[in-house]
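Structural description and commentary
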Amino acid sequence: MTSKLLKRLLQKEDPTVYQLKDGNLDPTLTTMDLIGLGTGMVVGTAIFTLPGIVAADHTGPAVPLAFIVAAIGAGMSALAYAETASVLPFAGSAFSWMNVLFGEFFGWIAGWALLAEYFISVAFVASGWSAYMQGFLASFGIHLPKALTGGFNSQQGSYVDILAAIAILLVGILLSHGVHQVSRIENTIVAIKLIVIILFVVVGATAIHPQNYVPFIPPHRPGTSFGGWTGIMAGASQIFIAYVGFDAIAANTAETKNPQKTMPRGLIGTLVLGTGFFIAVSLVLVGMFKYTNYRGNAEPAAWALRHTGHYITANLLSVVAIIGIFSALIAILLASSRLIYAFGRDGLLPKTLGHVNNKKVPNHALWTITILAMVLGSVFPFTFLATLVSAGTLVAFIFVSLGIYTLRKREGKDLPDASFKMPGYPYLPAISAIFSAIIFWNLNVDAKLLMVGWFAIGLLVYFSYGIRHSELNSRKHP
């Protein structure tokens, strides 16, 4: 690699440029709006689906420990996110931050990893919504044709998940009306959802059988990712999908009122609230039935209630899940459209993606991600998506954690002072990055291979298009 090319790759963006570019976006979000968006994602599909799947595939009754391990890792990353967002309040989260801190090439790598996370997250959430909708319809004797009930699986006879595609389309239409109106709807849905989750915990606790907790940590099965601390770490890796809510919050920094204070509060509030609900739901769920009953079940909470005779509560949970999972779709589709917007804003993808219409919505970016996610969500099976989604999140967490070292050197100089500082400096940022790297290593082979292939495509896009059309490079090298 020539020194000239290396110099171009490591060029850093001037933060004042982002402030000017993002001026077309409307800063309307408050702390409660951010907690609503984050909690909508964190306790979205994951809380209704992952506890049962992770218990059956990896941890057995010890699934709450996997959530705690994931929360510790995500919590350290959330602290790094909070400090960085308070200093660099731009759309695009880790993509824009790395552009400023490490240079455009590293910004592209972080952003490309996030794009994989967002694509798969939207599809995963929509697939979870489809599973709950199908379970709810089945309770009334309504069944869709088998070919339209799931992602492509010729052995099971499913080819397209039509309900997942419809869900993504409806959320895209909703978001096209503007972020302020959407935040009100989101907050209402999240409040209702949390009430019903509490109801599940209270009702489900009456059907707990203590023997289902024994042994709490099953012995490890050699050659598998089930049991022991191997299973807990594998479960924590899969559970990281829940914590993409942190980046979903940070992606909307440019549309937040007083982001220096609002962002840290929104991020930390989401962590505390989400983790508490995860632990409570997973403890009750594995106590109601032996964990093996949840294998391959995408709606374990409602299933457990139905099979303990609580039909009304089960149907209420399904209705709220059907509505509530939309809150997760809203959060992640909103964040992903802002990332695509940031790519277009900086010229790394076609500039039309950086267009903002008269409703202050980056509509070209929104509809691009909506259409692509509809295809992905309707074709790939739910469990396949759940396995893959955590990889991009972990890569972003590693970048943001390490970015604290560069950020601290520039705070109070060419960057503003942070209104919130990550505690434990200089040790905690490194521990956070190492923790996320360990979780990444415990992902299954499919997830790691996907990321290798995804980064190969990203490098091809960057060197064939991005570096040639980058606004930063065009300014420095007219």
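Small disclaimer: the values here were computed from a predicted structure and weren't measured.

So, about the overall build of the protein. A tally of helices and strands in the protein yields 20 helices and zero strands. Over its C-alpha atoms the protein spans a radius of gyration of 21 Å, differing by no more than 12% from the 23 Å that the globule rule assigns to 478 residues. Every one of the 478 residues in the protein was classed for burial, and the buried ones make up 61%. For the protein, the proportion of contacts with a sequence separation of at least 24, taken over those separated by at least 6, is 82%. The average position of the 29 basic charges and that of the 20 acidic charges among the side chains of the protein differ by 3 Å.

Looking now at a nonpolar patch on the surface. Together, L144, L148, Y159, V160, I162, I166, L169, L170 and I173 make up a nonpolar patch on the protein surface, roughly 650 Å² of accessible area in all. The class for L148 is partly exposed, based on a relative accessible area of 33%.

What follows concerns the packing of helix α9 (residues 179-205) against helix α14 (residues 311-345). Between α9 and α14, the shortest axis-to-axis distance is 9 Å and the interhelical angle comes to 140°. Here the hand of the crossing between α9 and α14 comes out left-handed. Together, V179, V182, E186, I189, V190, I192, K193, V196, L199, F200 and V203 of α9 and T313, L316, L317, V320, I323, G324, S327, I330, A331, L334 and R338 of α14 make up the contact between the two elements. Across the contact of α9 with α14, the residue classes break down as 16 nonpolar, three polar and three charged.

What follows concerns the pattern of salt bridges. By the definition in use, this model includes seven salt bridges. With its nearest N and O atoms 3.7 Å apart, the salt bridge here joins E471 to K351. Here E471 is found in helix α20 (residues 471-476), whereas its partner K351 is found in the loop between α14 and α15 (363-379), with 120 residues between them in sequence.

It is worth spelling out unusual backbone geometry at this point. Here the amide bond leading from V214 into P215 is cis, since omega sits at -10°, within 30 degrees of zero. Assignment of secondary structure puts P215 in the loop between α9 and α10 (228-239). With an omega of 10°, the peptide bond running from Y425 to P426 counts as cis. Looking at the element boundaries, P426 is found in the loop between α17 (390-410) and α18 (427-441). Here the phi dihedral of K360 falls at roughly 65°; this positive angle occurs in a residue that is not glycine.

In this section: the environment of P300. With respect to the helices and strands, P300 occurs in helix α13 (residues 300-306). Its relative accessible area of 1% is what places P300 among the buried residues. Spatially, the C-alpha atoms of P300 and I47 are 9.8 Å apart, while their sequence positions differ by 253 residues. Those residues within four positions of P300 in sequence are excluded, and the remaining contacts are F48, T49, G52, Y132, L285 and Y294.

Our next topic: the confidence of the model for the protein. Considering every residue of the protein, the mean pLDDT works out to 84; 94% of them sit at 70 or more. Looking over the protein, one finds the lowest element-wise mean pLDDT in helix α16 (residues 382-388), namely 59, and the highest in α18, namely 91.

Another aspect to go through is helix α7 (residues 104-138). Relative to the 51 Å expected for 35 residues at 1.5 Å per residue, α7 spans 50 Å between its end C-alpha atoms, a close match to the ideal helical length. The buried fraction of α7 amounts to 30 of the 35 residues, a majority that puts the element mostly inside the structure.

Across the eight residues that make up helix α6 (residues 94-101), a large majority, eight, are buried. What α6 keeps buried is the set A94, F95, S96, W97, M98, N99, V100 and L101. Positive phi shows up at G103, right after α6, with a value of about 115°.

Y81, L88, L115, F200, Y243, M288 and M451 are the most contacted members of the largest nonpolar core, which has 160 residues in total. In terms of residues, this core owes the most to one element, α7, which gives 21 residues.

As a further point, take the packing of helix α3 (residues 31-42) against α14. For any two helices packed against each other, the geometry is given by the interaxial angle and the distance between the axes. Interaxial distance between α3 and α14 falls to 7 Å at its minimum, and their mutual angle equals 110°. Considering the angle they form, α3 stands roughly perpendicular to α14. Between α3 and α14 lies a crossing whose hand is left-handed. When α3 is examined against α14, the residues L37, G40 and M41 are found in contact with a partner set consisting of S327, A328, A331, I332 and L334. Taken together, the residues of the contact of α3 with α14 sort by class into six nonpolar, two polar and no charged.

By the element assignment, R338 lies in helix α14. The class of R338 is buried, set by a relative accessible area of 2%. One polar contact links R338 to S337, side chain to side chain, over a distance of 2.9 Å. When near neighbours in sequence (up to four residues on either side) are disregarded, R338 contacts G92, V179, A251, N252, E255, K360 and P362.

What follows concerns the environment of H177. Mapped onto the secondary structure, H177 falls in the loop between α8 (162-175) and α9. Sequence separation between H177 and M422 is 245 residues, and the spatial gap between their C-alpha atoms is 36 Å.

Scanning the model with the defined rule gives 17 aromatic pairs in all. When the centroid spacing of 5.3 Å and the interplanar angle of 80° are considered together, the rings of Y462 and F463 count as edge-to-face. When its relative accessible area of 30% is taken as the criterion, F463 is described as partly exposed. By the ring-pair criterion, three or more aromatic residues cluster together here, those being F95, F102, F105, F106, W108, W112, F343, W454, Y462 and F463. Above the face of the F226 ring, R221 is positioned so that its terminal group lies 4.0 Å from the ring centre. Lying across the ring of W441, K448 places its NZ or CZ 4.4 Å from the centre.

How each quantity is defined
Residues numbered from 1 in each chain as written. Predicted model: local features only at pLDDT ≥ 70, side-chain atom pairs only at ≥ 80, totals over all residues. Heavy atoms only, no water. Helix = DSSP H or I, 4+ residues; strand = E, 2+ residues; numbered from the N terminus. Rg over C-alpha atoms; globule rule 2.2 N^0.38 Å. Buried < 20%, exposed > 50% of the residue type's maximum accessible area, 1.4 Å probe, protein only. Contact = heavy atoms within 4.5 Å. Lys, Arg positive; Asp, Glu negative; His and termini not counted. Charge placed at Lys NZ, Arg CZ, Asp CG, Glu CD. Patch = residues over 30% accessible without salt bridge, like charges linked within 9 Å, V, L, I, M, F, W, Y side chains within 5 Å. Areas by Shrake-Rupley, 256 points an atom, 1.4 Å probe, with all protein chains shown as cover. Salt bridge = Lys/Arg side-chain N within 4 Å of Asp/Glu carboxyl O. Axes fitted to C-alpha atoms, helices over the stretch in contact; angles between N-to-C directions. Left-handed = near helix turned anticlockwise from the far one by under 90°. Nonpolar A, V, L, I, M, F, W, Y, C, P; charged D, E, K, R; others polar. pLDDT = per-residue confidence, 0-100. Expected span 1.5 Å × (residues − 1). Core = buried A, V, L, I, M, F, W, Y, C linked by side-chain atoms within 4.5 Å. Parallel < 35°, antiparallel > 145°, perpendicular 65-115°, else oblique. Polar contact = N/O pair within 3.5 Å; in protein donor to acceptor, adjacent residues only side chain to side chain. Phe/Tyr/Trp six-rings, centres within 6.5 Å; stacked < 30°, edge-to-face > 60°. Lys NZ or Arg CZ within 6 Å of the ring centre and 35° of its normal.

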